[in-house]
Amino acid sequence: MMLGISWRNAILLAIGLAILIALPMVVKSSFAIDIFIRILLFSFIGSAWNLMGGYAKQLSLGHAAYFGLGAYTSTILQINYGVSPWIGMVAGGAVAALASLPIGWLCFRLRGPYFTIATIATAQALMLIFLKFRDFAWGAEGTTIPNLGAAPLMMQFENKNSYYYVVLGLLLIALVITWLIERSWIGYYLVAIGEDEDAAGAIGVNAPKMKRDIYMISAFLTAMAGTFYTQYIYFIDPATAFSFNISIEAALVSIVGGIGTLWGPLIGTVLLETTSTLLQSWLGSSIGGVQLTVYSLILMAVILWRPTGLMGMIEELRQRYAGRAPARA
């Protein structure tokens, strides 16, 4: 055992990481690389959401607020002051983390569906605010990011492979943070809050502080995703930065993959994003509401037959296999 990881799991992780690193070198299709980037990006966003919505079971549907704050902070710093998006990414994370304090203070006074509705309202309110700031944030028209060509220090690259490695690095950071939290006393406190907040408080868990702290971490990571996405598409406007779809997908990939698990958001994203992209490729402009219909069917299937998500199903299969292995020996 090493750092709580068996040698077998360590080897599997090393093999998986090697495959991810080698993938852009083997796959030459720009379309395929774009799919991989979207999978890694929403896995990252889902992992950030999962800290709050998975372990602590605080169902936020307003994480687009922090995605947008991160995107706008880095873009304003870059265009108006020439600050590198690498620095802007951290600055955007700090702005989002600070913004999560008053937002959390207000929203955490509510529970259940009322908390969820409050988080949605927060993201929508921020979108409306940025729609009005024409002089400061370009209003509804948005703005394009100046294309500098090959400028790695400004997070601009000649090919998509470099963007792939950037978002892969972000995902690894989120997974490491989640792994550390999951195996620390913080993780146990979050699970206790998620199961029964009143009971957790009765045994000495400072629930308001724990929710505030994990909300800040979740907001910081989500804002970093906003910076990356803006740099990747070279454009920003309120409808894109504060899109409700971002909040929905962050929750969906975690719920389908398995909330409160390390690998759940990644597995859920692989299924949903791959399905979505293939549908768009096959059906084109005629897709209409097919994507949402498929998402709904997948979500209903998971809730009805596998409430613990795909990770729960994988764990059941693993335990079943482990239980039969000695008999075969």
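One structure accompanies this document, and this report is about it. Quick caveat, the model's predicted, so the values are computed rather than measured.

Criteria and thresholds
- Residues numbered from 1 in each chain as written.
- Predicted model: local features only at pLDDT ≥ 70, side-chain atom pairs only at ≥ 80, totals over all residues.
- Heavy atoms only, no water.
- Helix = DSSP H or I, 4+ residues; strand = E, 2+ residues; numbered from the N terminus.
- Expected span 1.5 Å × (residues − 1).
- Bend = angle between axes of the 7 residues up to and from the residue.
- Buried < 20%, exposed > 50% of the residue type's maximum accessible area, 1.4 Å probe, protein only.
- Polar contact = N/O pair within 3.5 Å; in protein donor to acceptor, adjacent residues only side chain to side chain.
- Salt bridge = Lys/Arg side-chain N within 4 Å of Asp/Glu carboxyl O.
- Axes fitted to C-alpha atoms, helices over the stretch in contact; angles between N-to-C directions.
- Parallel < 35°, antiparallel > 145°, perpendicular 65-115°, else oblique.
- Left-handed = near helix turned anticlockwise from the far one by under 90°.
- Contact = heavy atoms within 4.5 Å.
- Nonpolar A, V, L, I, M, F, W, Y, C, P; charged D, E, K, R; others polar.

1. So, helix H2 (residues 30–55)
Turn by turn, an α-helix covers 3.6 residues, leaving residues three or four places apart pointing in a common direction.
Here is step 1 of the chain: Counted at 1.5 Å a residue, the expected span for H2 with its 26 residues is 38 Å, and the 36 Å between its end C-alpha atoms agrees.
Here is step 2 of the chain: A bend of about 45 degrees at Trp-49 is the largest found in H2.
Here is step 3 of the chain: The buried fraction of H2 is high, at 22 of 26 residues.
Here is step 4 of the chain: Among the residues of H2, the N-terminal cap falls to Ser-29, whose side-chain oxygen and the backbone nitrogen of Phe-31 are separated by 3.4 Å.
Here is step 5 of the chain: Remark: Lys-57 follows H2 within two positions and exhibits a positive phi of approximately 55 degrees.

2. What about the pattern of salt bridges?
Here is step 1 of the chain: Under the criterion given, the structure shown has nine salt bridges.
Here is step 2 of the chain: One salt bridge connects Lys-57 with Glu-195, and the closest N-O pair in it is separated by 3.4 Å. Of this pair, Lys-57 sits in the loop between H2 and helix H3 (64–81) while Glu-195 is found in helix H8 (residues 185–195), placing the two residues 138 residues apart along the sequence.
Here is step 3 of the chain: On the accessibility criterion, Glu-195 (56% relative accessible area) is exposed.
Here is step 4 of the chain: For Arg-111, the salt bridge is made with Asp-198, and the minimal N-O distance between the two is 3.3 Å. You can see Arg-111 sitting in the loop between helix H4 (85–107) and helix H5 (113–132) and its partner Asp-198 sitting in helix H9 (residues 197–202), a full 87 residues away along the chain.
Here is step 5 of the chain: Judged by its relative accessible area of 45%, Arg-111 is partly exposed.
Here is step 6 of the chain: For Asp-198, a relative accessible area of 52% translates into the label exposed.

3. As for the packing of H2 against helix H10 (residues 207–233)
Here is step 1 of the chain: Put simply, H2 and H10 touch, their axes get as near as 7 Å, and they point 165 degrees apart. By the angle between their axes, H2 is roughly antiparallel relative to H10. Note that H2 runs across H10; the crossing there is left-handed. Touching Asp-34, Ile-37, Leu-41, Phe-44, Ile-45, Ala-48, Trp-49, Leu-51 and Met-52 of H2 are Lys-211, Ile-214, Tyr-215, Ile-217, Ser-218, Leu-221, Thr-222, Met-224, Ala-225, Phe-228, Tyr-229 and Tyr-232, all from H10.
Here is step 2 of the chain: Considered class by class, the residues forming the contact of H2 with H10 number 17 nonpolar, two polar and two charged.

4. Remarks on the packing of H3 against H10
Here is step 1 of the chain: Their axes nearest at 6 Å, the elements H3 and H10 cross at an angle of 55 degrees. It follows that H3 is oblique to H10 by the angle criterion. For H3 against H10, the interelement crossing comes out right-handed. Here Tyr-66, Phe-67, Gly-70, Ala-71, Ser-74, Thr-75 and Gln-78 of H3 lie close against H10, whose contacting residues are Tyr-215, Ala-219, Thr-222, Ala-223, Ala-225, Gly-226, Thr-227, Tyr-229, Thr-230 and Gln-231.
Here is step 2 of the chain: Class assignment for the residues of the contact of H3 with H10 results in eight nonpolar, nine polar and no charged.

5. Quick look at the environment of Pro-85
Here is step 1 of the chain: By secondary structure assignment, the location of Pro-85 is in helix H4.
Here is step 2 of the chain: Residue Pro-85 is classed as buried on the basis of its relative accessible area of 0%.
Here is step 3 of the chain: Considered as a pair, Pro-85 and Asn-159 are 74 residues apart in the sequence and their alpha carbons are 18 Å apart.
Here is step 4 of the chain: Dropping the residues within four chain positions of it, Pro-85 is found in contact with Gln-78, Leu-153, Met-154, Met-155, Thr-227 and Gln-231.

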